[in-house]
Amino acid sequence: MGAGKTAVGGAVARTLGVPFLDSDAEIQAAANATIPEIFARDGEPFFREREAQVIDRLMQGRPGILSIGGGAYLSARNREAIGRRGVALWIRAERELLWERVRHKDTRPLLRTRDPRATLFAMIEAREPSYALADLAVDAEPGLSVEAMARKAIGVIETREDVLDGGRKP
């Protein structure tokens, strides 16, 4: 949450000339509702099941960049779906940077608590072991533009010769 998955993922896709998909956007389109509305109306377990179905479907499509929600990679089912047909890249960011990016947003249903900062930090602590299972990781930096972060991510992706078409440089 706040790492830049959507912004950086979109920039990486544009640079590489491949499609960009966002699992949260796909879920919202299918439900004709926002993520907070889905959470409020149907609950998190319902959302997570739909999320897994959407990720599995999107992983069947043509190669591209898929941004998934921050909680999606906690599921072994989602990690397996991604691992079968893709490579997971964790955009790793310091917790204070993540807090600065999300603190003024009201679109984060999991942070609608008495102490959203503490909630975010506890969430990071709980999620990092799953995120560490990703195939690759790139470190976010404060003040780095989306385009510069995308170039940095592509540099990490290029360390895997099997990912880009024939190892071509973007």
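The coordinates are above.
Note that this is a predicted model, so its numbers are computed, not measured. (Residues numbered from 1 in each chain as written. Predicted model: local features only at pLDDT ≥ 70, side-chain atom pairs only at ≥ 80, totals over all residues. Heavy atoms only, no water.)

Caption draft 1: Summary view of the packing of helix 4 (residues 44-59) against helix 5 (residues 76-85). One can describe the packing of helix 4 onto helix 5 by two numbers: an axis separation of 9 Å at closest approach and a directional angle of 5 degrees. Considered as vectors, helix 4 and helix 5 are oriented roughly parallel to each other. In this structure, helix 4 uses E49, E51, A52, Q53, I55, D56 and M59 to contact helix 5, whose residues at the interface are R77, N78, A81, I82, R84 and R85. (Axes fitted to C-alpha atoms, helices over the stretch in contact; angles between N-to-C directions. Helix = DSSP H or I, 4+ residues; strand = E, 2+ residues; numbered from the N terminus. Parallel < 35°, antiparallel > 145°, perpendicular 65-115°, else oblique. Contact = heavy atoms within 4.5 Å.)

Caption draft 2: Here's a closer look at the nonpolar core. If you look at the biggest cluster of nonpolar residues, it comprises 29 residues, and the most contacted ones within it are V12, I91 and L120. When residues in this core are grouped by element, the largest group, six residues, is from helix 8 (residues 146-157). Ignoring anything within four residues of it in the chain, the contact list for L120 reads M1, L98, W99, V102 and L111. In terms of nonpolar packing, the next biggest core, distinct from the first, is built from ten residues, A72, Y73, I82 and A88 among them. (Core = buried A, V, L, I, M, F, W, Y, C linked by side-chain atoms within 4.5 Å. Buried < 20%, exposed > 50% of the residue type's maximum accessible area, 1.4 Å probe, protein only.)

Caption draft 3: Representation of the side chain of D22 within the structure. Residue placement: D22 occurs in strand 1 (residues 20-22). For the buried D22, no salt bridge exists, and the shortest N-O distance to an oppositely charged side chain is 7.9 Å, to K5. For D22, the side chain forms a polar contact with the side chain of T6, separated by 2.7 Å. Of note is the side chain of D22, whose polar atom sits 2.8 Å from the backbone nitrogen of D24. With residues up to four places along the chain from it excluded, the contact list for D22 reads T6, L66 and S67. (Lys, Arg positive; Asp, Glu negative; His and termini not counted. Salt bridge = Lys/Arg side-chain N within 4 Å of Asp/Glu carboxyl O. Polar contact = N/O pair within 3.5 Å; in protein donor to acceptor, adjacent residues only side chain to side chain.)

Caption draft 4: Highlighting the packing of aromatic side chains. In total, this model carries two aromatic pairs according to the counting rule given. On the numbers, 5.0 Å between centres and 40 degrees between planes, the contact of F39 with F47 is tilted. A relative accessible area of 15% means that F39 is categorised as buried. In this arrangement the basic side chain of R79 is found over the ring face of Y73, its NZ or CZ atom lying 6.0 Å from the centre. (Phe/Tyr/Trp six-rings, centres within 6.5 Å; stacked < 30°, edge-to-face > 60°. Lys NZ or Arg CZ within 6 Å of the ring centre and 35° of its normal.)

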